[in-house]
Amino acid sequence: MEIGGIGVHWLWLLGASVLAILELVVPGVFLIWVAAAAALTGVVAALLPLGLPFQFILFALFAVGSVLAGRHQYERNIVPSTDPLLNDRIARLIGQTVVVETAIEGGSGRVRVGDGVWNARGPDLPAGARVRVTGGQGTCLTVEPVAAGTPQIERS
Amino acid sequence: MGIAIIAIIALGVAVLLWLFSSIKMVRQGYQYTIEHFGRFTTVARPGLGFYPAFFYRVGRRINMMEQVLDIPGQEIITKDNAMIQTDGVVFFQVLDAAKAAYEVSDLYVAIMQLTTTNLRTVMGSMDLDETLSKRDEINARLLSVVDQATEAWGVKITRVEIKDIRPPADIVNAMGRQMKAEREKRAVILESEGSRASAILRAEGEKQSQILEAEGRREAAFRDAEARERAAQAEATATKLVSDAIESGSAQAINYFIAQKYVEAVGQFANSPNAKTILFPVEATQLIGTLGGIGELAKEALAKGGEASPTVPSTRGGGGR
């Protein structure tokens, strides 16, 4: 099948190349999967004598398939980040020992982290006690007293 | 045939668009809230997500990085009624994307208004001098209040800083003069303290020197008195010796000595360069008495022998030379 004297499969491959280039120029638009689908369609059209509508249907199916395959591949092979805790402040604080700034009474108080102060939940403790951050929810840290029973009093 | 091709092409385009809107690539630093038929279901974290369009859609794109919000300059009246111009910055970070997206309508406006009103509260409760000198305290109090209030929005306020505090020009002028006067006062006090200390030192030196001088005089007086005593003692001893000698010898001997001295003294009057007239301020009768004594000596001498008379003038002449 030909349009304007050129084989349709060439048009498909040309479209695939243009889409791939566009993906490079305009990043993050996922054109690369569509390009892959177009290329596949072109190959199939070259091998089999298919009508134009059928080629489009094939292209749409290939596009969905390539996206699903790509997502599957993405989830299977997660490239580890060298800093998985980026933008996760509380996760960064877990395990740190901090000092209670405002006594924890009735389960909530404030602790000093660096030169900032965070809301904290945990067992009742006087100001100055040392606690360890065990987790957090929202903007509130959960803390536990530092082991060894006797909280060290620290003046800051 | 033509309409069928168009329909199929449209279908292909629709599938493409559907794919585009289903694939959610979230960039690092952001989180998207995903709504399922308008209801919040989950948060899309950085990475690739596939949320089939029509059923799911992205609600809000939340910036999870620490952000800075400028608090515009505003006029605040302090406790002592001074009008000051102040502005500041708030640093905050969204920790809970869902809360930040749905618990508050416009996060930025909300944080700004909250900080602005609390800035007024905190600085309005302080004197002008306090607002200028206690920025740390203002920052800490603001941070505490704003942080507690924004907890419900999943926002952590990391810092609130006052950038600038500008009192009105006339007050700045007065403060400058006050500072200058304060320093001048200290300078004058220091100067007068210095002169006081120096006067005290000088007086103490004088006192010391006078004491030493008086001690010297006392010592000298003691020594003088001793010397006088010693001299008197010597005189007494001499007199005693003389009187002893007289006692053991004749009383006439002493008379002879006295007469000799008198005559010598009179002779000295005669020798003085302007002594054409001799005055006898001394008791002439005594002298005459003495002469009487001499006469007696002569009489005795004549009664004994007669050779003594020429010796008297000769001894007189020898004593005069």
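Per chain, residue numbering runs from 1 following the sequence as it is written. The naming scheme follows written order: chains are lettered A onward, ligands numbered 1 onward. In keeping with the model being predicted, local features are shown solely for residues with a pLDDT of at least 70 and side-chain atom pairs are shown and tallied solely at 80 or more, while totals for entire chains, interfaces and linings include all residues. For side-chain calculations, the full set of non-hydrogen atoms in the structure is used, while hydrogens and water are omitted.

If you look chain B up in an unreviewed UniProt entry, it shows as Protein QmcA from Allosphingosinicella ginsenosidimutans. UniProt positions are given in the numbering used here, feature names are shortened, and annotations may be inferred rather than shown by experiment. Of chain B, the UniProt comment under Sequence similarities (unreviewed entry) reads exactly: "Belongs to the band 7/mec-2 family." What the UniProt record of chain B gives under Subcellular location (unreviewed entry) is the line "Membrane".

In the annotation of an unreviewed UniProt entry, chain A is listed under the name NfeD family protein and assigned to Allosphingosinicella ginsenosidimutans. Its UniProt record gives chain A a comment under Subcellular location (unreviewed entry), which states: "Membrane".

Student: How would you sum up the side chain of Asp147 of chain B? Please name residues and give values.
Tutor: Strands here mean DSSP runs of E at least two residues long; helices mean DSSP runs of H or I at least four residues long; both are numbered from the N terminus. Its location among the elements puts Asp147 of chain B in helix H5 (residues 135–150). Leave out the neighbours within four places in its chain, and Asp147 of chain B touches Arg110, Val117 and Asn119 of chain A together with Leu142, Val155, Lys156 and Ile157 of chain B. Any two residues whose heavy atoms approach within 4.5 Å at even a single point are treated as in contact.

Student: Account for the interface of chain A and chain B, with residues named and values stated.
Tutor: Listed by partner, the interface residues are 30 residues for chain A and 31 residues for chain B. Summed over both partners, the interface of chain A with chain B comes to about 2,900 Å²; 70% of that surface belongs to carbon and sulfur atoms. The term salt bridge refers to a pairing of a side-chain nitrogen on Lys or Arg with a carboxyl oxygen on Asp or Glu at a separation within 4 Å. Joining chain A to chain B, the criterion identifies three salt bridges. Among the ionic pairs, Glu66 of chain B bridges to Arg89 of chain A, the shortest N-O distance being 2.8 Å. Nitrogen and oxygen atoms within 3.5 Å of one another constitute a polar contact, given that in protein one can donate a hydrogen and the other can accept it, and given that sequence-neighbouring residues count only through two side-chain atoms. Applying the counting rule to chain A against chain B returns eight residue pairs in polar contact (both at pLDDT 80 or more). Secondary-structure elements contributing two or more residues to the side of chain A that touches chain B are helix H2 (31–47), helix H3 (52–76), helix H4 (89–93) and strand S5 (116–121) of chain A. With eleven residues, the single largest contributor to the side of chain A that touches chain B is H3 of chain A. By buried area we mean how much accessible surface two parts lose on assembly, using a 1.4 Å probe and totalling the loss over both.

Student: Kindly report on the side chain of Asn139 of chain B, identifying the contributing residues and their values.
Tutor: Residue and element names in this part refer to chain B. Within the element layout of this structure, Asn139 appears in helix H5. Overall, Asn139 belongs to the buried group, its relative accessible area being 10%. Polar contacts involving the side chain of Asn139 include one to the main-chain amide nitrogen of Ile162, which spans 3.2 Å. Among residues more than four places away in sequence, those in contact with Asn139 are Val160, Glu161 and Ile162. Exposure is judged per residue with a 1.4 Å probe applied to protein chains only, and the accessible area is read against the type maximum: over 50% gives exposed, under 20% gives buried, and values in between give partly exposed.

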